[in-house]
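Fold and contact review
Okay, here's what each chain looks like letter by letter:
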Amino acid sequence: MNVTDPPETALAVDTSIPFWRRAISLPQSSGLPETTLGASAGIGQPVPSLLLVDDDPATIQVLAHMLAGLGHLRFALSAADALNLAHESVPDVVLVDAEMPGMNGFDFCATMKADPDLAEVPVIFVSGHGHVETEVACFAVGAADFIRKPPAAEVVVARVRTQLRLKALSDALRREALVDGLTGLANRRRFDDQLRIECDRALRSGEPLSLLMIDVDHFKRFNDRYGHPAGDACLRGVAIAIQGLVSRPADLVARYGGEEFVMLLPQTKASGATHLGDLVVKAVEALRIAHDVSPSGPVVTVSVGVATTLCSADGGCTPASPAALVNAADQAMYTAKATGRGQSCTYVPSSAIAHLSYNI
Ligand code: GH3
Ligand code: MG
Ligand code: MG
Ligand code: MG
């Protein structure tokens, strides 16, 4: 790629790397009025990331100067480079030129919208074409906004700010949609999505995938005895206790529903998952939450079912589907219930049942 540094700029940047790959922390003021510029992220908020794409370095320079203070800026002189940068770290907004050699802005935008990792990023076109048809074509490929060249600083800043605000809101909504309101754990939807992904991965790689199904014992009696607010507090306590047992980034603890929780453990074989099942039982018991009407003992306990996908040399895995893995963990959990509660039980596939019994 033939790229030169943009003309002299007021921005303080690390000149040891080419300008189009720089993520620059911009100054609070770039000479424009404070009302239009200034850091947009509040205290504790992540700094927004902006990606500017134009085959003309001078235009990038102008836009960079205008947008100083709104976040971290990165630059690309071609759509292909911009897609690489976006995949390295997903931006919060992209400003793209419509006309570029190679892939133009329209194809770039369409490519972003077709990519699940990038589809939510707002794309603002910056174009010298004043025709309505061009503007309509931009929106047709998924543009969030359209700015005419030459761009006016106040308009660019206002429109980018609007897109950043909308993006922050939609990010927050997407996050909320995947969180359980009572416990703060991942919710059922997030778990179902992740289970599908991890099952596919396990089937491809042949690596074990384990699942723990965790059910609070005699919880209806607990609610009847202590009231629903106490029941809710109990569920929150259990959630914190079991979340504290996992440490790998890929592990997922979720609320499956009601008083049931799940732990999804990629690359974890049955022995490790069985050990974790026992730890779950102990951790909940150690909370010492009084349950004086439980037939299982004086404190709240859980029953745990453990299941692991087992892959054979011919590439087949059992259980082989998300539903089958959940069913297997369920079966083991019901065995734990039926044989005393307050314990963990590991599922053994039927092909192995001739040699093994449930490991309680
Ligand atoms: P078992 O030992 O067989 O699991 O008995 P259980 O009473 O725990 O099971 P059952 O399915 O009969 O009852 C589950 C109870 O969990 C009933 C319901 O009121 C309670 N529950 C489900 N979700 C919530 C919740 O969000 N908050 C509270 N407080 N209770 C809940
Ligand atoms: Mg151009
Ligand atoms: Mg239940
Ligand atoms: Mg229960």
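Residues numbered from 1 in each chain as written. Chains lettered and ligands numbered in written order. Predicted model: local features only at pLDDT ≥ 70, side-chain atom pairs only at ≥ 80, totals over all residues.

1. As for the overall build of the chain
When helices and strands are tallied, the chain shows 11 helices and 12 strands. Relative to its full complement of 360 residues, the chain shows a buried share of 38%. Looking at the chain alone, contacts between residues at least 24 apart form 63% of all its contacts between residues at least 6 apart. (Helix = DSSP H or I, 4+ residues; strand = E, 2+ residues; numbered from the N terminus. Buried ≥ 20, exposed ≤ 12 C-beta atoms within 10 Å, placed from the backbone. Contact = placed C-beta atoms within 7 Å.)

2. Re the sheet that holds strand E12 (residues 344–346)
With mixed pairing, the 5 strands of this open sheet are ordered in space as E7-E8-E6-E9-E12. Strands with a single pairing partner mark the edges of an open sheet, and in this sheet they are strand E7 (252–257) and E12. For this sheet, the mean angle separating the axes of adjacent strands, direction not counted, is 20°. Examined bridge by bridge, strand E9 (residues 302–308) and E12 share 3 bridges and lie parallel to one another. Along E12, the bridge assignment pairs Gly305 with Cys345. Docked against the sheet, helix H9 (residues 270–285) engages strand E6 (209–216), strand E8 (260–266), E9 and E12, running at close to 170° with respect to E9. (Pairing = 2+ DSSP bridges. Axes fitted to C-alpha atoms, helices over the stretch in contact; angles between N-to-C directions.)

3. Looking at the pairing of E6
Of all 8 residues in E6, 8 are buried, a share of seventy percent or more. On E6, burial covers both faces: Leu209, Leu211, Met213 and Asp215 on one face and Ser210, Leu212, Ile214 and Val216 on the other are all buried. In this sheet, E8 lies alongside E6 in antiparallel orientation, the contact comprising 7 bridges. Following the sheet pairing, Leu209 is matched in E8 by Pro266. In this structure, E6 lies alongside E9, joined through 7 bridges in antiparallel fashion. Among the inter-strand pairings, Val216 is bridged to a residue of E9, identified as Val302.

4. A look at the nonpolar core
In this structure, Leu212, Val262, Val304 and Ala329 are the most contacted members of the largest nonpolar core, which totals 49 residues. Sorting elements by how many residues they give to this core places helix H10 (residues 322–338) first, with 7 residues. If we ignore the near neighbours within four places in the chain, the residues touching Ala329 are Leu211, Leu212, Met213, Gly305, Val306, Ala307 and Tyr347. (Core = buried A, V, L, I, M, F, W, Y, C linked by C-beta atoms within 7 Å.)

5. Notes on the packing of helix H7 (residues 219–226) against helix H8 (residues 228–243)
With their axes 7 Å apart at the nearest point, H7 and H8 run at an angle of 130° to one another. By the criterion of interaxial angle, the relationship of H7 to H8 is oblique. Between H7 and H8, the contacting residues are Phe219, Phe222, Asn223 and Tyr226 on the first element and His228, Ala230, Gly231 and Cys234 on the second. Among the residues making up the contact of H7 with H8, the classes are represented as 5 nonpolar, 3 polar and no charged. (Parallel < 35°, antiparallel > 145°, perpendicular 65-115°, else oblique. Nonpolar A, V, L, I, M, F, W, Y, C, P; charged D, E, K, R; others polar.)

6. Digging into the site of ligand 1
Close to ligand 1 lie 17 residues; Asp217, Phe219, Lys220, Gly231 and Gly258 are nearest. Among the elements of the structure, E6, H7 and H8 are those that each provide at least two residues to the shell around ligand 1. (Near = placed C-beta within 6 Å.)

7. Here's the deal with the confidence of the model for the chain
Here the chain shows a mean pLDDT of 87. Residues at 70 or above account for 85%. This model gives residues 1–40 a pLDDT under 50, and the stretch forms 72 contacts once residues within four places in sequence are excluded. Predicted confidence for residues 353–360 stays below pLDDT 50, and this span has 13 contacts to residues more than four positions away or in other chains. (pLDDT = per-residue confidence, 0-100.)

8. What to know about the environment of Ala140
One can find Ala140 in helix H4 (residues 132–140). According to the C-beta neighbour criterion, Ala140 is exposed, with 11 such atoms within 10 Å. Note: C-alpha distance between Ala140 and Ala110 (30 residues apart in sequence) is 9.0 Å.

9. Side note on the sheet that holds strand E4 (residues 123–127)
The strand order across the open sheet formed by 5 strands is E2-E1-E3-E4-E5, and the pairing between neighbours is parallel. Strand pairing shows two members of the sheet lacking a second neighbour, strand E2 (72–76) and strand E5 (145–148), which therefore form its edges. Sheet twist, expressed as the mean angle between neighbouring strand axes with direction ignored, is 20°. Where strand E1 (residues 49–53) meets E2, 5 bridges bridge the pair, whose relative direction is parallel. If you follow Ser49 over to E2, its bridge partner there is His72. Of the strands in this sheet, E1, E2 and strand E3 (93–97) are in contact with helix H1 (residues 57–67), which crosses E1 at around 155°.

10. Some details on unusual backbone geometry
Residue Pro150 is reached from Lys149 by a cis peptide bond, and omega for that bond is -5°. Summarising the element assignment, Pro150 is placed in the loop between E5 and helix H5 (153–176). With omega at -15°, the peptide bond leading from Thr318 into Pro319 counts as cis. Along the chain, the position of Pro319 falls in the loop between strand E11 (317–318) and H10. Unlike most non-glycine residues, Gln267 shows phi in positive territory, near 50°. Within the secondary structure, Gln267 sits in the loop between E8 and H9. Positive phi values are uncommon outside glycine, yet Arg341 reaches one of about 65°. In this fold, Arg341 is placed in the loop between H10 and E12.

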